[in-house]
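# A structural walkthrough
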Amino acid sequence: MKKWFLVGSILALFAACEPNILSTHEASLILGKATPIKLDLDVTEIPISDYVVDKSRVDSISTDGPFTVSVKNNFLSIAGKPQKPLYNLTFWSEGIGESVLLERTKKTMYSFVYEPNGNEREVKIKGDFNAWNPNNTVLDKKGNNYSTYEMLSPGTYQYLMVVDGRELLDALNPDSTSNGMGGWNSVITISGPDPDKTPSIKTDSYRGNKITLKSNNPLEKVYAYWENTLLPEEGISIKGETIRVIIPENAGSKDRSTIRLWAYNSEGVSNDVLIPLEKDKVLSSPTQLSRKDYESMIMYFLMVDRFNNGNTENDQPLNIPEVHPKADYFGGDLSGVTQKIEEGYFTDLGVNTVWLSPITQNPEGAYGKYPEPETSFSAYHGYWPISNVQVDHRFGTANEFQSLVDKAHDSGMNVLLDYVANHVHEDHPIYQQNPDWATDLYLPDGSLNTERWDDHRLTTWFDTFMPTLDLSRMETVDPMTDSAMFWLTQYGIDGFRHDATKHIPEIFWRTLTNKVKKQVVAETGQPVFQIGETYGSHELIKSYIGTGMLDAQFDFNMYDRAVSAFAGAGSLSDLASSLRESIKYYGDHNLMGYITGNQDRPRFISYADGSLDFGEDTKHAGWNREISIRDTAAYRKLSSLTAYMMSIPGIPCIYYGDEYGSPGGNDPDNRRQMQFDELDKHQMATRERTKKMIQIRNSNLALIYGDIQILEHGEHHLVMQRAYFGNKVISIFNTSDQTLKVEVPSNGQANFNGSLKGGSASIPPYSFEMITYN
């Protein structure tokens, strides 16, 4: 039986090493970058397999903090009250350690109280902190009042009291804010560290194997890691507000590795710093990057059926009266995507990762119902699987899909497949043979368990013909994760976009990621990228991201705020707050997906030109109005949205047609046929701007690995800077109808409609600029 014990000091990690040579394993204990472990107030428990796939290799675990560490039933327990913001934890195997940063929680307890006025029976709260699901926060009757508490991180939260089903402002809280839809929400602010006193660390310079960084405030301690090995004190020096790091000689044996760094002082924790290395030198040119450098990815999401018809022989539209032409097959297929790869459409645009809508076999008939106009739907979108391993014959063959993957790789591009695990179509053999593997269609109270996105998010069905699988049971988890693995091992795809992530229990994601690491990463050395889809709070989205789960999710909260700001309904100050909030939760060098649009949202440009109102039913509008471009200024607004996504940390994602400004309401009007030719002058100019801003991102390491700083913001303007050593990009956004003037360094280059003269940049109305400095 394995014995686990706590080693009181981490000094042994370096005792037998040269100062610049680290002891490392030939086969790493921890695969991929270890995400920091967030410490709870007393006891933190996580599956040890999240970090160490083969836990039998671990001899012991050590920490430099006041903790007791134990492992039981695959769970790593860290008990004790953290006194400092950061600590280190090391897994040991045969005298060699690999480490993970420990970070003390910033959450504090906040109490909510409701004073009843009469015979209220039930009091709940819905807000930012519980995904606006009142069932997540129910107040208890204590004496005369109702009360509860939430553990909240620093930040601002909107919420409402829900009293016997009625939504009310909190009578005991005088602070409220507009909800942007004609109503009001109560608002609270949880204070955190003073940002003017916490460390903000920036890359400064490098020479040979030495890296210099600068902090704006004094530092108490620095933790730096090469890959997942803690750098010894001999490799780090702190003098005042200057940090110097020595790259270990081990780095010379790897084509790509990273230095990651965190620091703290008495006020709080710094930003995280990520420095990529090419062998044992700092990566200095974008030409050194490959498609496997995920921070450099730019995604392009396409609906296969609506993109390009490369083989008319597999066209099989239903052509029946029950299905409106908008909801039928258009004929796009895998050959059509391959054709555009070969023609260079994606490389000319500048993207290096193609995300395909689901391509697994879907049913032949029509299902579902929309009332006006009355119509059913074909399965053109691919989200109703009746097989999880077979290519839909209307999209092509297994050989054609393999050809697509091979051609993409030859062109330096990744292929991500949209994988549906949450549900199947009722004709799927897994449901036909095992109906008990599905969740219940009816709830105990007799109500239908469909579209209960929040209050029954782990069991709800999407429709009555789409059973949700009970993925809390391993008998269901194993075949579904094996089906996902099939696409990796059979075709060599590069990863997944996972549908309906929040509706699937964590055990599924941990099982799948464990199989990915064992069967692909450990066996082939090839990384696999996994990004999820979750609509909800930052807390809920973050709960699915980590070393043992997904690499990232799409940041829909950011998208919604950006759409509002650039379409003219919201403010850029609110967008700046949203950016800070996302960085707080996901990190300064996150891999979150930042979209220009997707298959479930109305087209941004149709908000921006006034064709759609924010308060209307945009699906109904798409069915019942002919939506086209009313105001050509919307094209510039769309380019501003795209430029914003290219300027922030994370992975930008272009939804097909957004590169030129395809209009539309919600599904299916946002899934029109892709246009390659016969674009008007505004569409052509928009596509050229898109190509140029992608080229700027691809050619400036500051936009890939750089630190970010919000320089200034207001209702209608936002100025951001990203810097990576000597490379800097300042992005400026103007949503007003007036020219904006901003003071900036004069030695840069303006790239769009702005002008730079002396130390002043002038930005036209409803426009943006990306000023580059080298």
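Here the structure is a predicted model, which means the values were calculated and not measured. (Residues numbered from 1 in each chain as written. Predicted model: local features only at pLDDT ≥ 70, side-chain atom pairs only at ≥ 80, totals over all residues. Heavy atoms only, no water.)

Let's shift gears to the packing of aromatic side chains. A complete count under the given rule lists 45 aromatic pairs for this structure. When the ring of W453 is compared with that of F462, the centres are 4.8 Å apart and the planes differ by 70 degrees; the resulting orientation is edge-to-face. By way of ring pairs, the aromatic residues F301, W355, Y535, F554, F556, Y655 and Y656 are connected into one cluster. Its end group placed over the ring of Y380, R306 keeps NZ or CZ at 3.9 Å from the ring centre. A cation over a ring is seen here: K728 above Y773, with NZ or CZ 4.9 Å from the ring centre. (Phe/Tyr/Trp six-rings, centres within 6.5 Å; stacked < 30°, edge-to-face > 60°. Lys NZ or Arg CZ within 6 Å of the ring centre and 35° of its normal.)

The parallel open sheet is built from eight strands, whose spatial order is 33-32-31-30-27-26-35-34. A single partner strand is all that each edge strand has here, and the edge strands are strand 33 (552-553) and strand 34 (593-595). Note: strand 30 (residues 414-419) against strand 31 (residues 495-498), four bridges, orientation parallel. The residue of strand 31 that forms the bridge with L417 is F496. (Pairing = 2+ DSSP bridges. Helix = DSSP H or I, 4+ residues; strand = E, 2+ residues; numbered from the N terminus.)

Further remarks concern the pattern of salt bridges. Counting across every chain of the model gives 40 salt bridges. Between R510 and D50 there is a salt bridge; the shortest N-O distance is 2.8 Å. One end of the pair, R510, is in helix 8 (residues 506-524); the other, D50, is in the loop between strand 3 (43-47) and strand 4 (60-63), and 460 residues separate them in sequence. Residue classification places R510 among the partly exposed positions, given a relative accessible area of 23%. The partner of R671 in a salt bridge is D667, with the nearest N and O atoms 3.5 Å apart. (Salt bridge = Lys/Arg side-chain N within 4 Å of Asp/Glu carboxyl O. Buried < 20%, exposed > 50% of the residue type's maximum accessible area, 1.4 Å probe, protein only.)

What follows concerns the side chain of R394. Inspection of the secondary structure assignment puts R394 in the loop between strand 29 (374-377) and helix 5 (398-410). Only 2.8 Å separates the side chain of R394 from the backbone oxygen of N362, close enough to count as a polar contact. A polar contact of 2.9 Å, which involves the side chain of R394, links it to the side chain of D392. Discounting chain neighbours no more than four positions away, the residues touching R394 are N314, Q316, Y329, G332, D333, Q361, N362, P363 and E364. (Polar contact = N/O pair within 3.5 Å; in protein donor to acceptor, adjacent residues only side chain to side chain. Contact = heavy atoms within 4.5 Å.)

The next thing to look at is the confidence of the model for the protein chain. On average, residues of the protein chain carry a pLDDT of 95, and 97% of them reach 70 or more. Across residues 1-18, confidence stays below pLDDT 50; counting only partners more than four residues off in sequence or on other chains, it has 39 contacts. (pLDDT = per-residue confidence, 0-100.)

Right, let's talk about the packing of helix 3 (residues 334-343) against helix 5 for a bit. For the pair helix 3 and helix 5, interaxial distance at closest approach is 9 Å and the crossing angle is 20 degrees. When the interaxial angle is binned, helix 3 and helix 5 end up roughly parallel. Judged by the twist between their axes, the crossing of helix 3 over helix 5 is left-handed. Residues L334, S335, V337, T338, I341 and E342 of helix 3 form the contact with helix 5, whose own contacting residues are E400, F401, S403, L404, K407 and A408. Considering only residue class, the contact of helix 3 with helix 5 consists of six nonpolar, three polar and three charged. (Axes fitted to C-alpha atoms, helices over the stretch in contact; angles between N-to-C directions. Parallel < 35°, antiparallel > 145°, perpendicular 65-115°, else oblique. Left-handed = near helix turned anticlockwise from the far one by under 90°. Nonpolar A, V, L, I, M, F, W, Y, C, P; charged D, E, K, R; others polar.)

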